[in-house]
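Listed below, chain by chain, are the residues.
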Amino acid sequence: MGLSFVSRRAMAVGAMVVAGALGLSACGGGTSTTASPSDGASASAPAAAEGPKLVTPGKLTTCTNLPYEPFQFKEGDKVVGFDVDIVDLAAKKLGLTQEIVDIDFAVIKSGAAMATNKCDVAAAGMTITEERKANIDFSVPYFDATQALLAKKGTGVTTLDDVKAKNLKLGAQASTTGLDYVKEKGFDPKEFADSPKELLGLQSGQVDVIVQDLPVVLTWLKKPEIADKFELVASLDTGEQYGVGLKKNADPILLKAINDSITEAKADGTYEQIFVKWFGKKPGELG
(Lines give C-alpha, C1' and ligand atoms only; values in the text may rest on other atoms or scores of the structure.)
Protein backbone atom coordinates (compact mmCIF):
# COMPACT_ATOMS: atom_id res chain seq x y z
CA MET A 1 0.00 0.00 0.00
CA GLY A 2 1.47 3.45 -0.92
CA LEU A 3 2.21 6.22 1.66
CA SER A 4 -0.19 9.08 2.12
CA PHE A 5 0.70 12.52 0.76
CA VAL A 6 1.26 13.89 4.31
CA SER A 7 3.61 11.02 5.24
CA ARG A 8 5.64 11.45 2.07
CA ARG A 9 5.98 15.19 2.73
CA ALA A 10 7.16 14.57 6.34
CA MET A 11 9.83 12.12 5.17
CA ALA A 12 11.11 14.55 2.56
CA VAL A 13 11.49 17.32 5.14
CA GLY A 14 13.30 14.91 7.51
CA ALA A 15 15.73 13.91 4.78
CA MET A 16 16.56 17.54 4.06
CA VAL A 17 17.31 18.19 7.77
CA VAL A 18 19.63 15.13 7.97
CA ALA A 19 21.43 16.11 4.74
CA GLY A 20 21.93 19.62 6.04
CA ALA A 21 23.40 18.35 9.30
CA LEU A 22 25.78 16.03 7.41
CA GLY A 23 26.88 18.89 5.17
CA LEU A 24 27.71 21.10 8.16
CA SER A 25 29.67 18.28 9.79
CA ALA A 26 31.73 17.70 6.63
CA CYS A 27 32.70 21.41 6.44
CA GLY A 28 34.22 21.25 9.93
CA GLY A 29 37.18 19.17 8.81
CA GLY A 30 38.05 18.49 12.48
CA THR A 31 39.73 21.93 12.84
CA SER A 32 38.42 24.88 14.80
CA THR A 33 38.10 27.98 12.63
CA THR A 34 36.71 31.45 13.16
CA ALA A 35 33.66 32.10 11.01
CA SER A 36 33.42 35.34 9.05
CA PRO A 37 30.14 37.09 8.18
CA SER A 38 30.27 35.49 4.71
CA ASP A 39 30.20 32.06 6.37
CA GLY A 40 26.63 32.70 7.45
CA ALA A 41 27.60 32.66 11.16
CA SER A 42 25.19 34.26 13.58
CA ALA A 43 26.14 37.82 14.47
CA SER A 44 25.60 36.99 18.14
CA ALA A 45 27.89 33.94 18.14
CA PRO A 46 31.16 34.53 20.06
CA ALA A 47 34.26 34.70 17.80
CA ALA A 48 37.21 32.40 18.55
CA ALA A 49 40.34 34.19 19.79
CA GLU A 50 42.78 34.77 16.95
CA GLY A 51 46.54 34.51 17.31
CA PRO A 52 49.30 35.92 15.10
CA LYS A 53 50.08 34.47 11.68
CA LEU A 54 53.16 32.29 12.17
CA VAL A 55 55.73 30.56 9.98
CA THR A 56 55.19 27.37 12.00
CA PRO A 57 51.96 26.95 13.99
CA GLY A 58 52.58 26.79 17.74
CA LYS A 59 56.10 28.22 17.46
CA LEU A 60 57.58 31.71 17.47
CA THR A 61 60.45 31.35 15.00
CA THR A 62 63.32 33.75 15.69
CA CYS A 63 66.17 34.52 13.31
CA THR A 64 69.53 35.33 14.86
CA ASN A 65 73.23 35.24 14.00
CA LEU A 66 75.34 32.94 16.18
CA PRO A 67 77.37 33.37 18.20
CA TYR A 68 76.95 36.84 19.69
CA GLU A 69 77.54 36.29 23.37
CA PRO A 70 75.89 37.27 25.70
CA PHE A 71 72.92 38.10 23.47
CA GLN A 72 72.65 34.72 21.77
CA PHE A 73 75.05 31.78 21.76
CA LYS A 74 75.10 28.00 22.10
CA GLU A 75 75.38 26.32 25.47
CA GLY A 76 75.64 22.66 24.55
CA ASP A 77 72.86 22.04 22.03
CA LYS A 78 70.71 24.89 23.36
CA VAL A 79 70.75 28.52 22.22
CA VAL A 80 70.69 30.87 25.21
CA GLY A 81 71.28 34.54 25.93
CA PHE A 82 69.76 37.91 26.73
CA ASP A 83 67.90 38.22 23.42
CA VAL A 84 66.56 34.68 23.78
CA ASP A 85 65.08 35.49 27.19
CA ILE A 86 63.55 38.75 25.92
CA VAL A 87 61.76 37.02 23.03
CA ASP A 88 60.70 34.20 25.35
CA LEU A 89 58.61 36.75 27.26
CA ALA A 90 56.49 37.36 24.16
CA ALA A 91 56.40 33.67 23.24
CA LYS A 92 55.01 32.76 26.65
CA LYS A 93 52.46 35.58 26.49
CA LEU A 94 51.19 34.08 23.23
CA GLY A 95 51.35 30.47 24.48
CA LEU A 96 54.10 29.61 22.00
CA THR A 97 57.50 27.91 22.09
CA GLN A 98 60.44 29.87 20.70
CA GLU A 99 62.42 28.20 17.90
CA ILE A 100 65.70 29.78 16.80
CA VAL A 101 67.15 29.85 13.29
CA ASP A 102 70.82 30.80 12.74
CA ILE A 103 71.16 32.94 9.61
CA ASP A 104 73.54 35.51 8.12
CA PHE A 105 73.12 38.92 9.74
CA ALA A 106 72.99 40.73 6.39
CA VAL A 107 69.90 38.68 5.49
CA ILE A 108 68.33 39.64 8.81
CA LYS A 109 68.99 43.39 8.67
CA SER A 110 67.78 43.63 5.06
CA GLY A 111 64.40 42.23 6.09
CA ALA A 112 64.74 39.32 3.66
CA ALA A 113 64.69 36.72 6.46
CA MET A 114 61.18 37.72 7.52
CA ALA A 115 59.93 38.61 4.04
CA THR A 116 60.71 35.08 2.81
CA ASN A 117 59.16 33.48 5.91
CA LYS A 118 62.40 32.14 7.35
CA CYS A 119 61.20 33.46 10.70
CA ASP A 120 58.54 35.51 12.43
CA VAL A 121 60.91 37.85 14.27
CA ALA A 122 64.62 38.66 14.46
CA ALA A 123 66.58 39.17 17.66
CA ALA A 124 70.27 39.53 16.94
CA GLY A 125 71.58 42.46 18.95
CA MET A 126 70.13 44.57 16.14
CA THR A 127 70.25 48.35 16.39
CA ILE A 128 67.19 50.28 15.27
CA THR A 129 68.21 52.55 12.38
CA GLU A 130 66.27 54.56 9.80
CA GLU A 131 67.88 52.54 7.01
CA ARG A 132 66.74 49.26 8.52
CA LYS A 133 63.27 50.64 9.28
CA ALA A 134 62.74 50.95 5.54
CA ASN A 135 62.70 47.13 5.35
CA ILE A 136 61.83 46.01 8.88
CA ASP A 137 59.34 46.95 11.57
CA PHE A 138 60.83 47.16 15.07
CA SER A 139 59.51 46.60 18.55
CA VAL A 140 59.98 49.18 21.27
CA PRO A 141 63.69 49.35 22.26
CA TYR A 142 64.83 46.67 24.70
CA PHE A 143 68.54 47.53 25.10
CA ASP A 144 70.67 50.70 25.10
CA ALA A 145 73.84 49.86 23.20
CA THR A 146 77.35 51.31 23.32
CA GLN A 147 80.31 50.52 21.07
CA ALA A 148 83.79 49.78 22.40
CA LEU A 149 87.38 49.49 21.24
CA LEU A 150 89.40 46.40 22.14
CA ALA A 151 93.16 46.48 21.60
CA LYS A 152 96.34 44.67 22.50
CA LYS A 153 97.69 45.79 25.86
CA GLY A 154 100.27 48.55 25.69
CA THR A 155 99.09 50.23 22.48
CA GLY A 156 98.41 53.49 24.35
CA VAL A 157 95.12 53.93 22.48
CA THR A 158 92.19 55.60 24.27
CA THR A 159 90.24 57.09 21.35
CA LEU A 160 89.60 56.59 17.65
CA ASP A 161 91.81 59.62 17.04
CA ASP A 162 94.67 57.70 18.68
CA VAL A 163 94.06 54.78 16.32
CA LYS A 164 94.37 57.16 13.38
CA ALA A 165 97.38 59.03 14.79
CA LYS A 166 99.29 55.82 15.44
CA ASN A 167 98.32 54.47 12.00
CA LEU A 168 96.93 51.27 13.57
CA LYS A 169 94.84 48.76 11.65
CA LEU A 170 91.19 48.79 12.69
CA GLY A 171 88.77 45.88 12.36
CA ALA A 172 84.95 45.72 12.48
CA GLN A 173 82.16 43.21 11.99
CA ALA A 174 80.48 43.41 8.59
CA SER A 175 76.92 44.79 8.29
CA THR A 176 76.99 46.34 11.78
CA THR A 177 76.46 49.84 13.12
CA GLY A 178 79.96 49.66 14.60
CA LEU A 179 81.31 49.38 11.06
CA ASP A 180 79.10 52.26 9.91
CA TYR A 181 80.21 54.40 12.85
CA VAL A 182 83.95 54.12 12.19
CA LYS A 183 83.45 54.60 8.46
CA GLU A 184 81.66 57.86 9.22
CA LYS A 185 84.73 58.85 11.22
CA GLY A 186 86.91 58.43 8.13
CA PHE A 187 88.22 54.87 8.69
CA ASP A 188 88.39 52.07 6.16
CA PRO A 189 88.42 49.07 8.52
CA LYS A 190 89.06 45.46 7.68
CA GLU A 191 85.68 43.70 7.74
CA PHE A 192 85.04 40.32 9.36
CA ALA A 193 81.99 38.14 8.69
CA ASP A 194 81.06 37.68 12.35
CA SER A 195 82.22 38.55 15.87
CA PRO A 196 84.33 35.38 16.47
CA LYS A 197 86.24 36.02 13.21
CA GLU A 198 86.71 39.63 14.25
CA LEU A 199 88.22 38.60 17.58
CA LEU A 200 90.42 36.04 15.83
CA GLY A 201 91.60 38.81 13.50
CA LEU A 202 92.76 40.79 16.53
CA GLN A 203 94.38 37.78 18.19
CA SER A 204 96.25 36.80 15.02
CA GLY A 205 97.55 40.31 14.35
CA GLN A 206 95.50 40.98 11.22
CA VAL A 207 94.32 44.15 12.96
CA ASP A 208 95.52 46.11 15.99
CA VAL A 209 92.16 47.34 17.30
CA ILE A 210 88.55 46.25 16.82
CA VAL A 211 85.23 47.99 17.34
CA GLN A 212 82.40 45.91 18.78
CA ASP A 213 79.36 46.27 21.06
CA LEU A 214 80.48 46.87 24.64
CA PRO A 215 78.66 43.87 26.22
CA VAL A 216 80.29 41.54 23.70
CA VAL A 217 83.74 42.96 24.50
CA LEU A 218 83.10 42.66 28.25
CA THR A 219 82.07 39.02 27.78
CA TRP A 220 85.26 38.28 25.84
CA LEU A 221 87.34 39.84 28.62
CA LYS A 222 85.89 37.40 31.15
CA LYS A 223 88.07 34.76 29.49
CA PRO A 224 91.61 34.77 30.98
CA GLU A 225 93.33 34.04 27.67
CA ILE A 226 91.85 37.24 26.23
CA ALA A 227 92.12 39.44 29.33
CA ASP A 228 95.82 38.56 29.66
CA LYS A 229 96.67 40.08 26.27
CA PHE A 230 93.92 42.54 25.38
CA GLU A 231 92.09 45.40 27.06
CA LEU A 232 89.08 47.65 26.66
CA VAL A 233 90.59 50.98 25.65
CA ALA A 234 87.51 53.10 24.93
CA SER A 235 83.72 53.18 25.10
CA LEU A 236 81.96 54.96 22.25
CA ASP A 237 78.55 56.33 23.19
CA THR A 238 76.74 56.05 19.86
CA GLY A 239 73.20 56.43 21.26
CA GLU A 240 72.05 53.11 19.79
CA GLN A 241 69.10 51.00 20.89
CA TYR A 242 68.28 47.40 20.02
CA GLY A 243 64.85 46.30 18.86
CA VAL A 244 63.18 43.03 17.91
CA GLY A 245 62.72 43.00 14.14
CA LEU A 246 59.53 41.95 12.35
CA LYS A 247 58.33 41.75 8.77
CA LYS A 248 57.42 45.12 7.26
CA ASN A 249 53.76 45.90 8.00
CA ALA A 250 54.04 43.51 10.93
CA ASP A 251 51.24 41.33 12.24
CA PRO A 252 49.63 43.68 14.80
CA ILE A 253 48.92 40.87 17.28
CA LEU A 254 52.55 39.75 17.26
CA LEU A 255 53.93 43.29 17.45
CA LYS A 256 51.64 44.15 20.37
CA ALA A 257 52.62 40.99 22.26
CA ILE A 258 56.32 41.81 21.91
CA ASN A 259 55.90 45.45 22.86
CA ASP A 260 53.66 44.63 25.82
CA SER A 261 55.99 41.92 27.12
CA ILE A 262 59.01 44.27 27.03
CA THR A 263 57.10 47.14 28.64
CA GLU A 264 55.61 44.92 31.35
CA ALA A 265 59.00 43.29 32.10
CA LYS A 266 60.59 46.71 32.62
CA ALA A 267 57.74 47.71 34.95
CA ASP A 268 57.60 44.58 37.12
CA GLY A 269 61.33 43.96 37.57
CA THR A 270 61.60 40.96 35.23
CA TYR A 271 63.74 42.92 32.76
CA GLU A 272 66.24 43.86 35.44
CA GLN A 273 66.50 40.22 36.54
CA ILE A 274 67.25 39.11 32.97
CA PHE A 275 69.74 41.96 32.55
CA VAL A 276 71.67 41.09 35.71
CA LYS A 277 71.61 37.40 34.76
CA TRP A 278 73.49 38.04 31.50
CA PHE A 279 75.54 41.18 32.19
CA GLY A 280 76.22 40.94 35.91
CA LYS A 281 75.14 44.55 36.38
CA LYS A 282 71.88 46.48 36.45
CA PRO A 283 70.69 48.50 33.45
CA GLY A 284 72.69 51.72 33.16
CA GLU A 285 75.73 50.30 34.98
CA LEU A 286 77.60 48.68 32.08
CA GLY A 287 79.66 51.79 31.39
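What comes next concerns the included structure. (Residues numbered from 1 in each chain as written. Predicted model: local features only at pLDDT ≥ 70, side-chain atom pairs only at ≥ 80, totals over all residues. Heavy atoms only, no water.)

**Comments concerning the overall build of the chain**
Inclusion rule: Only runs of H or I of at least four residues qualify as helices and only runs of E of at least two qualify as strands under DSSP, and these elements are numbered from the N terminus. Burial classes: relative accessible area under 20% of the type maximum marks a residue as buried, over 50% as exposed, and values in between as partly exposed (1.4 Å probe, protein chains only). Should any heavy atoms of two residues lie within 4.5 Å, those residues are counted as being in contact. Per-residue accessibility takes into account occlusion by the displayed protein chains alone, with areas from the Shrake-Rupley method and a 1.4 Å probe.
The helix and strand tally for the chain stands at 12 helices and 12 strands. The buried share of the chain, reckoned over its 287 residues, is 41%. Within the chain, contacts between residues at least 6 apart in sequence are counted, and of these 70% link residues at least 24 apart. Accessible surface, the chain as shown: approximately 15400 Å² in total, 54% of it carbon and sulfur.

**What about the environment of Thr 146?**
Residue position: Thr 146 is located in strand 7 (residues 143-152). Under the relative-accessibility criterion, Thr 146 is labelled buried at 15%. For the pair Thr 146 and Glu 240, spaced 94 residues apart in the sequence, the C-alpha separation amounts to 6.6 Å.

**Quick notes on helix 8 (residues 195-203)**
For the record, the criterion: Here, the arc refers to the directions that run from the helix axis to the C-beta atoms. Think of a polar contact as two N or O atoms within 3.5 Å of one another; within protein, one of them needs to be a possible hydrogen donor and the other a possible acceptor, and neighboring residues in sequence only count if both atoms come from side chains.
Taken together, the buried positions of helix 8 are occupied by Ser 195, Glu 198, Leu 199, Gly 201 and Leu 202. Down the axis of helix 8, the smallest arc covering the buried residues is 155°, so these residues share one side. Its side-chain oxygen 2.9 Å from the backbone nitrogen of Lys 197, Asp 194 forms the N-cap of helix 8. Gly 205, located one to two residues past helix 8, shows a positive phi value of around 85°.

**With respect to the sheet that holds strand 12 (residues 245-247)**
Applied cut-off: One requirement defines pairing of two strands: DSSP has to find at least two bridges between them. Where helices are involved, their axes are fitted lines through C-alpha atoms of the stretch in contact, as for all axes, and angles between N-to-C directions lie from 0 to 180°.
Strand order in the open sheet made by the five strands is 4-1-5-12-6, with mixed pairing throughout. Either end of the sheet is taken by a strand with one partner, and the two such strands are strand 4 (97-102) and strand 6 (136-138). The sheet contact formed by strand 1 (residues 59-64) and strand 4 spans six bridges and is parallel. Bridging across to strand 4, Cys 63 finds its partner in Val 101. Lying over the sheet, helix 2 (residues 82-93) contacts strand 1, strand 4 and strand 5 (121-122), oriented at roughly 140° with respect to strand 4. Helix-sheet contacts for helix 11 (residues 252-268) involve strand 1, strand 5, strand 6 and strand 12, and the interaxial angle to strand 12 is about 170°.

**Overview of the sheet that holds strand 7**
What the five strands build is an open sheet, ordered 9-8-10-7-11; its pairing is mixed. Strand pairing shows two members of the sheet lacking a second neighbour, strand 9 (190-192) and strand 11 (230-242), which therefore form its edges. Taking each pair of neighbouring strands and ignoring which way they run, the sheet shows an average axis angle of 25°. Pairing of strand 8 (residues 170-173) with strand 9, which is carried by three bridges, proceeds in the parallel orientation. Looking across to strand 9, one finds that Ala 172 is bridged to Glu 191. Across the sheet, helix 8 touches strand 7, strand 8, strand 9, strand 10 (209-213) and strand 11, and the angle it forms with strand 10 is around 155°.

**Observations concerning the nonpolar core**
Rules: By nonpolar core we mean a set of buried residues, namely Ala, Val, Leu, Ile, Met, Phe, Trp, Tyr and Cys, connected to one another through side-chain atoms within 4.5 Å.
Membership of the largest hydrophobic core comes to 43 residues, with the highest contact counts inside it found for Phe 82 and Phe 143. Among the secondary structure elements, those contributing two or more residues to this core are helix 2, strand 7, helix 8, helix 9 (214-220), strand 11, helix 11 and helix 12 (270-279). Ignoring any residue separated from it by four or fewer positions in sequence, one finds Phe 143 in contact with Phe 71, Phe 82, Pro 215, Glu 240, Gln 241, Tyr 242, Tyr 271, Phe 275, Phe 279 and Leu 286. One finds Val 157, Val 163, Val 182 and Val 211 within the second-largest nonpolar core, a separate group that totals 15 residues.

**Section: the packing of aromatic side chains**
Put simply, the test is: Centres within 6.5 Å make a pair out of two Phe, Tyr or Trp rings, where for Trp the six-membered ring is used; the pair is then stacked when the planes are under 30 degrees apart, edge-to-face when over 60, and tilted otherwise.
Scanning the model with the defined rule gives 17 aromatic pairs in all. Ring geometry for Phe 71 against Phe 82: centres 6.1 Å apart, planes inclined by 80°, an arrangement best described as edge-to-face. With Phe 71 in the loop between strand 1 and strand 2 (73-75) and Phe 82 in helix 2, this residue pair connects regions lying 11 residues apart in the sequence. Ring centres 5.2 Å apart and planes at 80° place the aromatic pair Phe 71 and Phe 143 in the edge-to-face group.

**Focus on the packing of helix 2 against helix 11**
Two quantities define a packed helix pair, namely the angle between the helix axes and the distance between the axes. Threshold: Crossings are sorted by hand: turned counterclockwise from the far helix by less than a right angle, the near helix makes the crossing left-handed, and turned clockwise it makes it right-handed. Following the grouping adopted for this structure description, the nonpolar residues are Ala, Val, Leu, Ile, Met, Phe, Trp, Tyr, Cys and Pro, the charged ones are Asp, Glu, Lys and Arg, and the polar ones are all others, Gly among them.
In contact at an axis separation of 8 Å, helix 2 and helix 11 are set at 115° when each is read in the N-to-C sense. Crossing geometry of helix 2 relative to helix 11 is assigned as right-handed. When helix 2 is examined against helix 11, the residues Ile 86, Leu 89, Ala 90 and Lys 93 are found in contact with a partner set consisting of Ala 257, Ile 258, Asp 260, Ser 261, Ile 262, Glu 264 and Ala 265. Among the residues forming the contact of helix 2 with helix 11, the class breakdown is seven nonpolar, one polar and three charged.

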